[in-house]
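Each chain, written out:
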Amino acid sequence: MPGSRDGTSGPALLEVREVTVRFAGLTALSEVSFTVAPGSVHAVIGPNGAGKSTCFNVLSGVYRAASGSVRFAGAELTALAPHRIAALGVARTFQNIALSGHQPVIDNLMLGRHRLTRAGFVSSGLRLPAARREWARHRERAAEIAEFAGLGGLLGTPVGLLPYGVRKRVELARALCMEPRLLLLDEPVAGMNAGERAEMAGLIAEVRRGLGISVLLVEHDMGMVMRLADRITVLDFGRRIADGTPGQVQDDPEVIRAYLGPSADQEDK
Amino acid sequence: MAATAPPADAGLTVSGLAVSYGAVPALRGVSLRVPPGAIVAVLGANGAGKSTLLRAISGTLRFHRGAIGGGTVRWAGTRLSGLAAPAVVARGVTQVPEGRRVFARMTVEENLRAGGLGGGRRSAAAREEVLGLFPVLAERAHQRAGLLSGGEQQMLAIGRALMARPSMLLLDEPTLGLAPMMAARIAETVKEINARGTSVLLIEQNVAPALSLASYAYVLEVGEVALEGPAAELAAGDEVRRRYLGMGDPADGRPLDGPAGRRAIGRWQG
Amino acid sequence: MITFLELLLNGISIGAVYALIALGFVVIFKATEVVNFAHASLLLAGGYLVARLQPVTGFWAALLVGVAAAAAVGALIEFLIIRRAGAGSHNVLAIVTIGVDIVLTTELTRQIGTEILALGDPWGDAVVHLGQVTVAETRLVALGAAATLITLFLLAFKYTGWGIAMRATAEDAETAALMGIRLGRVSLSAWAVAGALAAVAALFLCVFPTPGLDRGTSLAAIKAFPAAILGGLDSTTGALAGGLIVGVTEALMSGYQNQLAFLGRGIGDVAPFLVMVVILLLRPAGLFGTRETVRV
Amino acid sequence: SGKATGGEPATGGDGVKTGPGVSADAITLGILTDLTGPYASFGKSLTQAQQLYFEQANAAGGVCGRKLAGIVRDHGYDVQKAVAAYTEIAPKSAAVPQFIGSPMVTALKRRIEDDKMLTLPMAWATSLLGGQAVQVTGTTYDIDMINGVDFLAKDKGIRSGDKIGHLYFEGDYGASALNGSKYAAGKLGLTVVEQKIKATDQDMSAQVSAFKDAGVKAIMVSVGPRQAASLVGVAVAKGMDIPFVGSNSAYSPQLLGTPAAPALLESFYVMTAAAPMSAPIPAVQKLVADYRAKYPGQPVDSGVGAGYGAAMIVGDALKQACANKDLSRDGIVRAHRSQPSWDGGFGRPMDFSHVDQPASRASYVVVPDKTAVGGTVILKEAAVSDLARDYQVPVG
Amino acid sequence: MSDGRSRARRALVWAAGAAAAIAIPFYLEGFWLQTGLFAMSAAVGAIGIALLTGSTGQLSMGHAFFLAVGAYSYVYFADAPAAGVGASHAAAGLGLPTPLAAALAVLTAGVAGGLFSPIAGRLKGAYLGIATLALIFLGQHVLFNAEPLTGGYNGRAVPPMELFGLVFADTPSLVLFGVPFGSLERLWFLGLLLVLGAAAFARGVLRGRPGRTMNTIRDHEIAAGVMGVPVARYRAGVFVLSSMYGGLAGVMLALVFQRTVPDYFGVLLSLDYLAMIVIGGLGSVGGAVLGAVFVSVLPQLLTRYSDDLPLIAEPGSGGLSPAEAARILYGAAVVAVVLFLPGGLAGLLARLRAAAGARVTLLARAPRAPAPHSPTPSPSPDTRS
Ligand SMILES: Nc1ncnc2c1ncn2[C@@H]1O[C@H](COP(=O)(O)OP(=O)(O)OP(=O)(O)O)[C@@H](O)[C@H]1O
Ligand SMILES: Nc1ncnc2c1ncn2[C@@H]1O[C@H](COP(=O)(O)OP(=O)(O)OP(=O)(O)O)[C@@H](O)[C@H]1O
Ligand SMILES: [Mg+2]
Ligand SMILES: [Mg+2]
């Protein structure tokens, strides 16, 4: 039943049009627009509080936009609940890790497969063969993804016992388990050391290469952003101040003023 | 006992500290010293035990079901190990926790007041000082702290800790998740705080900025001090550069399509 | 019309008593995020002590001692149990308080035995006539007491160090400890305050128009649940509003029982719960409760 | 296994057929009471009085050469505990002289009838009538209320066209009582204004307002003592100068120690089938003296009389059964039902021969009295009103 | 190797347990059987609340309502259209075959839970707990007032279950191996089957996709939603499932009681269920069952042996009566378990087993969380937010 969903499985265009988000007395995003081309890595950068996570929250249905539209694969996302957006193949990780600490890694990953599986209360309760087969099949894929993310030996370990860096990889693996067409990564290397950063960067590149999906990336590690991203949107105080290729953005005086700072190169190293 | 424990009774002295969470050891015989007025950095990979070290100093291990198995922590001659967190604060040692942990449902203003509760006296002056350091907090005084951005929250967390007017500040990865400019600002602030006479024990993963701030640094590896020395020396030393500091940036050298040996991943055919 | 006004006033006045009880829930919830199901037994304890002491010491002294003793009982519960149950989830702690309630209520009802104890209050069965409407003097006092106490707590939570410490602890105990806040004291004081409030509420629950304290008294605390929750469990204003809404609903529905007979007789007791459900449907965190906004 | 031998009837050495609960030297009686729930005070008085009866009966040689023994089980007014307790004691009891709580008795009614266990519920709802084994003593709640309305009409000037209020509990008790007042009101051309409440209600202000608004000339009261006190207190404070007529269970002498006392003393009347403990009847006075001797300092309330009377009814049934040489349960029930005019000396005689009729239709009117034993004194001797005599009791 | 041995040991334990369970009705008197049946019914109900509170983090104080729905629906579906035994008022009934009636009753409880889903899906924690209190009061109001359906305050007689020609009642009488087999003896086996089935089903749910999802909703609601879980619908779904367990418990209870009475289905009953899952150990099926047994058997034990504990001899003596002692013990047990036995009885059992069992297996396994469902917060600071 799952598997190739005709026309709904490939990467697709994400179009964010004039999205505005307001919180009591504060405009977190104001008329932000950008487009993520299918199969590309698109970075959103900007100072703290610029509205990057807010943007992700709109894309994944956690927040509702006051106005504007987000279109993905022919659907209007702003009107949808989070689980409906997930069903379209939009997966994300969280800036502050959002895993179930008590559950082992495998269960956290299998949650990612929620949308691809069907076993409900009845079939699980009765342990129907169909439920078991489904579980086995998807577990295999989850294990494959775990292996890929370097979590091979940790499937049975409760997430709460893992170090921070590893948890971040569990987050990524869980998102991958959704077999997404669009992957939203909110600061995937925050709190990691250089080695782990490189490793994570490699993972992301490989995801894009192997799966051919679009990736939307929020990250403060400019080195990584510059290397990975095809295109960058820069936000500041909820407004888009630049949009272009890494090269263009890097030299944009506005971006340097607001975000990178004059000594960006040194700061990054 | 580690042979390197410097003899002194001023400043912070950790000697032979062993900590475990239930049966899991997290620190084994860690010794280090923060001289008064210094900034000392503790570096190390994820899970090396950096946060554990701070928890042991600040008396919050019990919130994580951890316990000190041996060794002592002394501050200005008095013993801190074994004290509860408020008692540690009362002796002038405050910690900014990892991940900021501002009181999300309280306003910025109230967060600052909460920070001043342990210290008690002169909180108005402390408040002036903090708002001087972080003017943005004054702007957002009546906003709920949970709704601040990451950087704003980090400033609040530091400002909140300063409200107790500590003579020793413990910082756990203050630049975690911050934009470069913001990280730089935080670094500046730490310097400024230190210049006003507060000793700082700084936990970082971002090695370069940490070493440029600190005068002395320790590298933790799986619960033990693997390396220590003046920050400048460490920053210059080859081994450190290679092993911990990610200088010469391995990411640059590595092909982006993944390290050799990792299985590639393909579309699911299920 | 007179009847309507009279019912309204009755409702408001009994609502004030519910508000006082609800305030006890709110204080503990704010400080510890625990719903204190043992509140009913604190109420019984406070009332019992006042009733027992009153013939010996006179009313005011008995009230003072009763309030202090109920505060002590609250503090003791915190010290012996809640503190030690430590890191449990809030659901578990709520269930623990059910256990405490069972123990305390059983013992207190055993002590009260078969008696109906008068509280010896100075107001007696005096009523005040406001035009053609009459209302018991005790209830006016209750209304005043509830309004005063609730305002007091509102201010205390917002502006005192105690209030800030309490809210900080509720949100994140570890970080509060890092601020130098003594968690034990905060939680202890919350329970003590709740105990004291329970004793005050017990007083107004057991004086005219009810005959006195008996083993059934604690059952009335159940009505404070809808009051506390429809106001918003973490809001002192909510406690007042919730108490009044419950009181008025109950009074009107009882008073107009005959006109509402199609809903089934005795709808007065059920109506507060109906109102609660409707309000929660519209506002899941109650009228004044803070809606949890999570940032991810 | 030990279970293989059931409680089949056997015949003892003295030629008396025996059944469960009856051995060669003892007769065991089950007492299912409430010592920890809402009726604890009532249950305590009942149980102590019954134990007094057993003691006295045993001192006088017992029944049928056997000593009477009670096994007491406290169900705390919880149906499940009552069912469990019944299941436990049923195999070893010959009869149940006390079973508190009509929900509990109702839940077990079928099993009681199947077991042929003579059971005296300490509840007076008509729903308990109709079975052979379950014997409601005295009047039912509705009869009391009919006699009460009759009293209002005869002595308190209530006339056709007037309105009377009725405050009653949700449940059996209230519904039975309401039935009675409505019947009587219908016959006398009165209108009943109903107010139903729950046992958890404490404050009757709203109800008083409603009654006042309706302009009632009297109020029938079928609730608990607390609520009765609140009702009367509020009504009097609001200047309602009307009589209140309560069911037996609406009054407790403890109320006289509360601020509600003056109002109660002024205008509260209680309908009861049993003579109050202050009644100048020798049997009652002896009971009071004996009870006080055995339980010094304990309140002497209506539970004492009710409990002692019920124990005596069972005792007499046993004596009768013994005379019939049949102490099987069936024999006990039949012996009991063969008494058309039982008289324990506590007031009016009772007729146990009709399963679908109350044992009596006569009610006393008593009034609160601070100094009297049991807190009430007789205002009017027990009498059957015409209304009550013709009343067709609903059964089951 | 050790795995095989432990499996053999488990098989042995199961066999011994089964033998004991089958033998019990032949030896124990009615009182114990009935106590056992109460415990079985409670176990089923407790499993339901464990799914809701333990695994999904939703507090419910309205469980008694669903027991009532189950019990009354069974009676309504099964009772003959004419009047019930001994009832003067003709209470309606559909006269369906009893097994069908039981199944429909469980479904009806589920539907009742579903009707509450606008609340059950949107509220959580204490708010839901108190909101569900409304069910109790509304429920009892209906039970008292909808007399044609419920029989009002008198309740209704429960028609005995009839399965494959076997009537679960005292008549017609049946004697097996010299033991008279009345309703309790017969129901014993039915109850046993139902408990086992209910427990097995719940385990399946918890170990499968729904269980995982429920735990995530408990731990991190937003993450669950973003992963594609319709959170509100799922919460409502668990609530429905838990209601159905309550319904089944109600049916079982009705069969044991042989009469439904509205008074029984009150707040105290709901609180008992919460106590059960805490005493047993939050979140596990085994814990719920253990807790149910503890809470239903303790008072009976105390009452039963009250004659040996010198308490009741003089009711006026002021001593602790068995009912009071039972209540105090039971309240204290709730407190004590949380203080001294994190993980409850089930956790204790597991620890005992671990202590007695092969140390080898422990070492061989990957590191495990101390107690998978113990209410310990996650050790990480970042799961907060
Ligand atoms: N739920 C909310 N309610 C009110 N304000 C909010 C909420 N979420 C975010 N904000 C505000 O919106 C602004 C943008 O926040 P956002 O989290 O999107 O920043 P960000 O760009 O992700 O920053 P960072 O890099 O620090 O994560 C901030 O000022 C923040 O205070
Ligand atoms: N509450 C806990 N219970 C059990 N083990 C823990 C707990 N907290 C930390 N640990 C373990 O102790 C070790 C040290 O952890 P610690 O958090 O001190 O590392 P860290 O250096 O601060 O890492 P990070 O950079 O990720 O913050 C790790 O192996 C970790 O898994
Ligand atoms: Mg962000
Ligand atoms: Mg750390």
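Just so you know, these numbers come straight off a predicted model, no measurement behind them. (Residues numbered from 1 in each chain as written. Chains lettered and ligands numbered in written order. Predicted model: local features only at pLDDT ≥ 70, side-chain atom pairs only at ≥ 80, totals over all residues. Heavy atoms only, no water.)

Asks: Could you give an account of the pairing of strand S8 (residues 214–218) of chain A, naming the residues involved and the relevant values?
Replies: Residue and element names in this part refer to chain A. Among the five residues in S8, five count as buried, and that is most of the element. With burial as the criterion, each face of S8 is covered, one bearing Ser214, Leu216 and Val218 and the other bearing Val215 and Leu217. In this structure, strand S3 (residues 41–45) lies alongside S8, joined through four bridges in parallel fashion. Bridging from a neighbouring strand, Val44 pairs with Val218 of S8. As defined by bridge partners, strand S7 (residues 182–186) adjoins S8 across five bridges and the pair is classed as parallel. Each bridged residue has a counterpart across the sheet, and for Leu183 the counterpart in S8 is Val215. Read from S7 through helix H7 (residues 194–211) to S8, the crossover connection turns out right-handed. (Buried < 20%, exposed > 50% of the residue type's maximum accessible area, 1.4 Å probe, protein only. Helix = DSSP H or I, 4+ residues; strand = E, 2+ residues; numbered from the N terminus. Pairing = 2+ DSSP bridges. Right-handed = clockwise from strand over helix to strand, strands pointing away.)

Asks: Account for the sheet that holds strand S3 (residues 26–33) of chain D, naming residues and giving values.
Replies: Residue and element names in this part refer to chain D. Sheet architecture is open: four strands sit in the order S4-S3-S5-S6, paired in parallel fashion. Two strands in the sheet have a free side with no partner beyond their single neighbour: strand S4 (67–74) and strand S6 (118–122). Pairs of neighbouring strands in the sheet enclose a mean axial angle of 20°, with direction left out of account. As paired elements, S3 and S4 share eight bridges and run parallel to each other. (Axes fitted to C-alpha atoms, helices over the stretch in contact; angles between N-to-C directions.)

Asks: If you had to explain the UniProt feature "transmembrane region" (unreviewed entry) in chain C to someone new, which residues and values would you point to?
Replies: Residues and elements named next belong to chain C. Sites flagged by UniProt as "transmembrane region" (unreviewed entry) map to residues 7–28, 34–51, 58–82, 140–157, 188–210 and 262–282. Annotation note: span residues 34–51, helix share 72%, strand share 0%, distance between end C-alpha atoms 29 Å. With 76% helix and 0% strand, the stretch residues 262–282 has end C-alpha atoms that lie 26 Å from each other. (UniProt positions renumbered as here; feature names shortened; annotations may be inferred.)

Asks: Please set out a positive patch on the surface residue by residue, giving values where relevant.
Replies: Positive charge collects at one region of the surface, where Arg127 and Arg132 of chain A together with Arg10, Arg203, Arg207 and Arg353 of chain E lie side by side. In this fold, Arg127 of chain A is placed in the loop between helix H4 (121–125) and helix H5 (129–148). (Patch = residues over 30% accessible without salt bridge, like charges linked within 9 Å, V, L, I, M, F, W, Y side chains within 5 Å. Areas by Shrake-Rupley, 256 points an atom, 1.4 Å probe, with all protein chains shown as cover. Salt bridge = Lys/Arg side-chain N within 4 Å of Asp/Glu carboxyl O. Lys, Arg positive; Asp, Glu negative; His and termini not counted. Charge placed at Lys NZ, Arg CZ, Asp CG, Glu CD.)

Asks: Residue-level account of the interface of chain E and chain A, with values.
Replies: With 41 residues of chain E at the contact, the number on the chain A side is 44 residues. Of the roughly 3,400 Å² buried between chain E and chain A, counting both surfaces, carbon and sulfur atoms make up 63%. Inspection of the region where chain E meets chain A yields zero salt bridges. For the pair chain E and chain A, the interface holds nine residue pairs in polar contact (both at pLDDT 80 or more). Secondary structure elements with two or more residues in the side of chain E that touches chain A: helix H8 (183–207), helix H9 (209–219), helix H10 (221–226) and helix H11 (231–257) of chain E. Here the element with the most residues in the side of chain E that touches chain A is H9 of chain E; it accounts for nine residues. (Contact = heavy atoms within 4.5 Å. Buried area = accessible area lost by both parts, 1.4 Å probe. Polar contact = N/O pair within 3.5 Å; in protein donor to acceptor, adjacent residues only side chain to side chain.)

Asks: So what about the site of ligand 2? Which residues, and what values?
Replies: Near ligand 2 you find 18 residues, and of these Gly47, Ser51, Thr52, Glu98 and Gln205 of chain B are the closest. At ligand 2, the nearby residues belong to more than one chain, namely chains A, B and E. Within the side chain of Glu173 of chain B, one N or O atom sits 3.0 Å away from an oxygen atom of ligand 2. Relative to its unbound accessible surface of 630 Å², ligand 2 loses 86% to contact with the protein. Looking at the shell around ligand 2 residue by residue, the classes come out as seven nonpolar, seven polar and four charged. (Near = heavy atom within 4 Å. Nonpolar A, V, L, I, M, F, W, Y, C, P; charged D, E, K, R; others polar.)

Asks: Quick rundown of the coordination of the magnesium ion (ligand 4)? Include the residues and the values.
Replies: All names here are of chain B. The protein atoms that coordinate the magnesium ion (ligand 4) are Ser51 (OG), Glu98 (OE) and Glu98 (OE), at distances spanning 1.8 to 2.7 Å. Placement of the pair is Ser51 in helix H1 (residues 50–58) and Glu98 in the loop between strand S6 (93–96) and helix H3 (108–116), with a sequence separation of 47 residues. Residue Ser51 is classed as buried on the basis of its relative accessible area of 14%. (Donors = N, O, S within 2.8 Å, 3.2 Å for Na, K, Ca; no water.)

Asks: I'd like to hear about the side chain of Thr78 of chain A, residue by residue, with values.
Replies: Residue and element names in this part refer to chain A. As for its position among the elements, Thr78 is in the loop between strand S5 (75–76) and helix H2 (82–87). At a separation of 2.5 Å, a polar atom in the side chain of Thr78 contacts the side chain of Glu76. Excluding anything up to four places from it in sequence, Thr78 contacts Val58, Arg64, Ala65, Gly68, Ser69 and Val70.

Asks: Give me the coordination of the magnesium ion (ligand 3): which residues, what numbers.
Replies: Residues and elements named next belong to chain A. Those protein atoms acting as donors to the magnesium ion (ligand 3) are Ser53 (OG) and Gln95 (OE1), and they sit at 1.9 to 2.1 Å. Placement of the pair is Ser53 in helix H1 (residues 52–59) and Gln95 in the loop between strand S6 (90–92) and helix H3 (105–112), with a sequence separation of 42 residues. In this structure Gln95 comes out as buried when scored by relative accessible area, which is 12%.

Asks: Account for the environment of Ala120 of chain E, naming residues and giving values.
Replies: Residues and elements named next belong to chain E. Residue placement: Ala120 occurs in helix H5 (residues 117–120). When the C-alpha positions of Ala120 and Ala236 are compared, they lie 5.4 Å apart, and in sequence the two are 116 residues distant. Not counting residues within four places of it along the chain, the set of residues in contact with Ala120 comprises Gln58, Leu128, Arg235 and Phe239.

Asks: For the environment of Leu32 of chain D, give the residues involved together with the corresponding values.
Replies: All names here are of chain D. By the secondary structure assignment, Leu32 is in strand S3. A residue is classified by how much of its surface remains accessible, and Leu32, at 0% relative accessible area, is buried. Residues Leu32 and Gly101 lie 69 residues apart in sequence; the distance between their C-alpha atoms is 9.2 Å. Once you skip the residues sitting within four places of it in the chain, Leu32 turns out to touch Arg73, His75, Ala85, Tyr86, Ile89, Gln98, Phe99 and Ile100.

Asks: Which residues make up the arrangement of the chains, and what values go with them?
Replies: The closest approach of any C-alpha atom in chain A to one in chain D is 31 Å; the two make no contact. If you take every C-alpha in chain B and every C-alpha in chain D, the smallest gap between them is 38 Å, and the two do not touch.

Asks: Lay out the packing of H5 of chain A against helix H6 (residues 164–177) of chain A in plain terms, naming residues and giving numbers.
Replies: Residues and elements named next belong to chain A. Running from N to C, H5 and H6 cross one another at 140°; their axes reach a closest spacing of 9 Å. With respect to H6, the axis of H5 lies oblique. In this structure, H5 crosses over H6, and the sense of that crossing is right-handed. Where H5 abuts H6, its residues Ala142, Ile145 and Phe148 lie against Ala173, Leu176 and Cys177. Partitioning the contact of H5 with H6 into residue classes produces six nonpolar, no polar and no charged. (Parallel < 35°, antiparallel > 145°, perpendicular 65-115°, else oblique. Left-handed = near helix turned anticlockwise from the far one by under 90°.)

Asks: Explain the sheet that holds strand S5 (residues 78–79) of chain B residue by residue, including any values.
Replies: Residues and elements named next belong to chain B. Spatially, the four strands line up as an open sheet ordered S2-S1-S4-S5, and their pairing is antiparallel. Of all strands in the sheet, those with a lone pairing partner are strand S2 (24–34) and S5, marking the two edges. Where strand S1 (residues 12–21) meets S2, seven bridges bridge the pair, whose relative direction is antiparallel. Bridged to Val19 within S2 is Leu27. On top of the sheet, H1 reaches S1, S2 and strand S4 (66–75); it is set at about 110° to S1, its chief contact.

Asks: Lay out the nonpolar core in plain terms, naming residues and giving numbers.
Replies: Ranked by internal contacts, the top residues of the largest apolar core, which has 416 residues, are Leu183 of chain A, Phe268 of chain D together with Tyr74 and Phe265 of chain E. Setting aside residues up to four positions removed in sequence, Tyr74 of chain E forms contacts with Asp79, Thr98, Ala101, Ala102, Ala105, Val158, Pro159, Pro160, Met161, Val251 and Leu255 of chain E. Counting 60 residues, the second largest nonpolar core, distinct from the first, contains Ala41, Ala187, Val190 and Ala210 of chain B. (Core = buried A, V, L, I, M, F, W, Y, C linked by side-chain atoms within 4.5 Å.)

Asks: Let's hear about the packing of aromatic side chains: which residues, and what values?
Replies: By convention here, two paired aromatic rings are described through the distance between centres and the angle between planes. Applying the stated criterion across every chain yields a total of 34 aromatic pairs over all chains. Ring geometry for Trp342 of chain D versus Phe352 of chain D: centroids 5.9 Å apart, planes at 35°, classification tilted. One end of the pair, Trp342 of chain D, is in the loop between helix H11 (329–337) and strand S13 (363–368); the other, Phe352 of chain D, is in the loop between H11 and S13, with ten residues separating them in the sequence. Where Phe66 of chain E meets Phe239 of chain E, the ring centres are 5.6 Å apart and the plane angle is 80°; that geometry is what we call edge-to-face. Of this pair, Phe66 of chain E sits in helix H3 (residues 63–78) while Phe239 of chain E sits in helix H11, placing them 173 residues apart in sequence. With respect to burial, Phe66 of chain E and Phe239 of chain E carry one shared label: buried. Counting every residue linked through ring pairs, the aromatic cluster contains Phe42, Trp124, Tyr141, Phe169 and Tyr173 of chain D. In this arrangement the basic side chain of Lys30 of chain C is found over the ring face of Phe157 of chain C, its NZ or CZ atom lying 4.9 Å from the centre. (Phe/Tyr/Trp six-rings, centres within 6.5 Å; stacked < 30°, edge-to-face > 60°. Lys NZ or Arg CZ within 6 Å of the ring centre and 35° of its normal.)

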